[in-house]
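A closer look at the structure
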Amino acid sequence: MLVLASTEREYPWGTLRSTNASKVKVILEEKGVAYKMDRLRPGDLWKKPESILAKHPLGKVPYLETEDDGVVFDSTVINEYLDDKYPDPSLKPVDVSLLARMRMLENFGDEAFLVGDLPKIWMPIWSKPEDRNEDAMEAGREGLRTRGLPYLEQEIADREYLCDSFTLADAPFMATAMVLEVDAMDLSDFPNSAAYMDRLRARDSYKSISPKTSLDDSAGSS
Ligand SMILES: N[C@@H](CCC(=O)N[C@@H](CS)C(=O)NCC(=O)O)C(=O)O
């Protein structure tokens, strides 16, 4: 049984999850592989106890504990590992040029969204609404409007998914769709991106990371 380490917690305003671990959770679901969640305390990501450092040298999530191959860490590496290990259905294009596109857009999703501007929105949402710094959140939204979203808007314009069919390139945008479901920032200037987020949210795998899905209903599948 695979075990995915993540931070996942319920709050009155929704079930919140690590964005990077959500990238992996949806790929496990897309592949129909049996897994369980190891839910770490969010504070441990900053305290970095020895128990976590023993699994991930940077004390981050996600990491995946496997029976055959030990611990695999980093969401991009884990997703490539899962696609190699469980190739049916394959979530990587065969064509070399499309494969390069998949990796570029996956990296763009990580850098512009998941480690770029989304944390400025997502981190405050782990606090009570009255304790959030609205100016910092607006700076995150402005970052998305000026960097991530214009490029996404162009790249998704004529496609259903970033490499036509659903691939690993779409995983960071599943996590983005999760954050923007909670934040509900105005995407009317980015209609292609807004429609793409809706398509991602309509996939069955999204239920496992939806802010509306309880921890009990998203503990893994077997
Ligand atoms: N490149 C890593 C980034 C992982 C990452 O930054 N995870 C966040 C949670 S979403 C974390 O553990 N943060 C704690 C830290 O940066 O020390 C990946 O894709 O897995």
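Everything quoted here is computed from the prediction, not taken from an experiment. (Residues numbered from 1 in each chain as written. Predicted model: local features only at pLDDT ≥ 70, side-chain atom pairs only at ≥ 80, totals over all residues.)

Looking at the nonpolar core
The nonpolar side chains of soluble globular proteins are, as a tendency, buried together. Formed by 50 residues in total, the largest nonpolar core has its most connected members in Leu4, Ile27 and Met174. Those elements giving two or more residues to this core turn out to be strand E1 (2–6), helix H1 (19–31), strand E5 (63–66), helix H4 (75–85), helix H5 (96–125), helix H6 (134–155), helix H7 (171–183) and helix H8 (191–201). Counting contributing residues per domain, this core is built from domain 1 (2–90 + 206–221) and domain 2 (96–203), each supplying no fewer than three. Residue contacts for Leu4: discarding those within four places in its chain leaves Ala21, Val24, Lys25, Leu28, Tyr35, Met37, Asp38, Pro62 and Leu64. (Core = buried A, V, L, I, M, F, W, Y, C linked by C-beta atoms within 7 Å. Buried ≥ 20, exposed ≤ 12 C-beta atoms within 10 Å, placed from the backbone. Helix = DSSP H or I, 4+ residues; strand = E, 2+ residues; numbered from the N terminus. Domains from an automatic or database assignment. Contact = placed C-beta atoms within 7 Å.)

Topic: H8
For H8, every residue scored as buried is listed here: Ser193, Tyr196, Met197 and Leu200. Relative to the axis of H8, the buried residues are bounded by an arc of 100° and lie together on one face. Those residues of H8 that are exposed and aimed more than 90 degrees away from the buried face are Pro191 and Asp198. Where the residues of H8 are buried, they touch H6 and H7. (Arc of directions from axis to C-beta.)

Side note on the sheet that holds strand E4 (residues 35–39)
The 5 strands are arranged E6-E5-E1-E4-E7 in an open sheet whose pairing can be described as mixed. Two strands lie at the open edges of the sheet, namely strand E6 (70–73) and strand E7 (220–221), each paired on one side alone. One ladder, built from 2 bridges, connects E4 with E7; its direction is antiparallel. Bridge pairing in E7 places Lys36 opposite Gly220. Strand contacts of H1: E1, E4 and E5, with the helix running at about 155° to E1, the strand carrying the most contacts. (Pairing = 2+ DSSP bridges. Axes fitted to C-alpha atoms, helices over the stretch in contact; angles between N-to-C directions.)

Focus on the site of the ligand
Taken together, Ser18, Thr19, Asn20, Leu45, Gly59, Lys60, Val61, Pro62, Asp74, Ser75 and Thr76 make up the full set of residues adjacent to the ligand. Elements with a contribution of two residues or more to the shell around the ligand: H1 and H4. Taken together, the residues that form the shell around the ligand break down as 3 nonpolar, 6 polar and 2 charged. (Near = placed C-beta within 6 Å. Nonpolar A, V, L, I, M, F, W, Y, C, P; charged D, E, K, R; others polar.)

Things to note about the pairing of E1
For a regular strand, side-chain orientation follows a simple rule: the groups alternate between the two sheet faces. Along E1, 4 of the 5 residues are buried, which leaves the element largely enclosed by surrounding structure. In this structure, E1 lies alongside E4, joined through 5 bridges in parallel fashion. Of the residues in E4, the one forming a bridge with Leu2 is Tyr35. Both E1 and E5 contribute to a ladder of 3 bridges, which runs antiparallel. Within E5, the residue paired with Leu4 across the bridge is Leu64.

Description of the domain arrangement of the protein chain
Per the domain assignment, the segments of the protein chain are domain 1 (2–90 + 206–221) and domain 2 (96–203). Here the C-alpha centre of domain 2 lies 19 Å away from the C-alpha centre of domain 1. In this complex, domain 1 contributes 18 residues to the contact, which on the side of domain 2 involves 20 residues. Going through the elements one at a time, strand E3 (14–17), H1 and H4 are the ones with two or more residues in the side of domain 1 that touches domain 2. The element best represented in the side of domain 1 that touches domain 2 is H1, accounting for 6 residues. Its residues assigned to classes, the side of domain 1 that touches domain 2 comprises 8 nonpolar, 7 polar and 3 charged.

Focus on the environment of Ser90
Looking at the element boundaries, Ser90 is found in the loop between H4 and H5. As for Ser90 and Glu30, which are separated by 60 residues in sequence, their C-alpha atoms are 9.8 Å apart.

As for the pairing of E6
Pairing analysis gives 4 bridges linking E5 to E6, with the strands arranged antiparallel. Pairing of Thr66 across the sheet is with Gly70, part of E6. Remark: 3 residues form the turn of the hairpin made by E5 and E6, two consecutive strands paired antiparallel.

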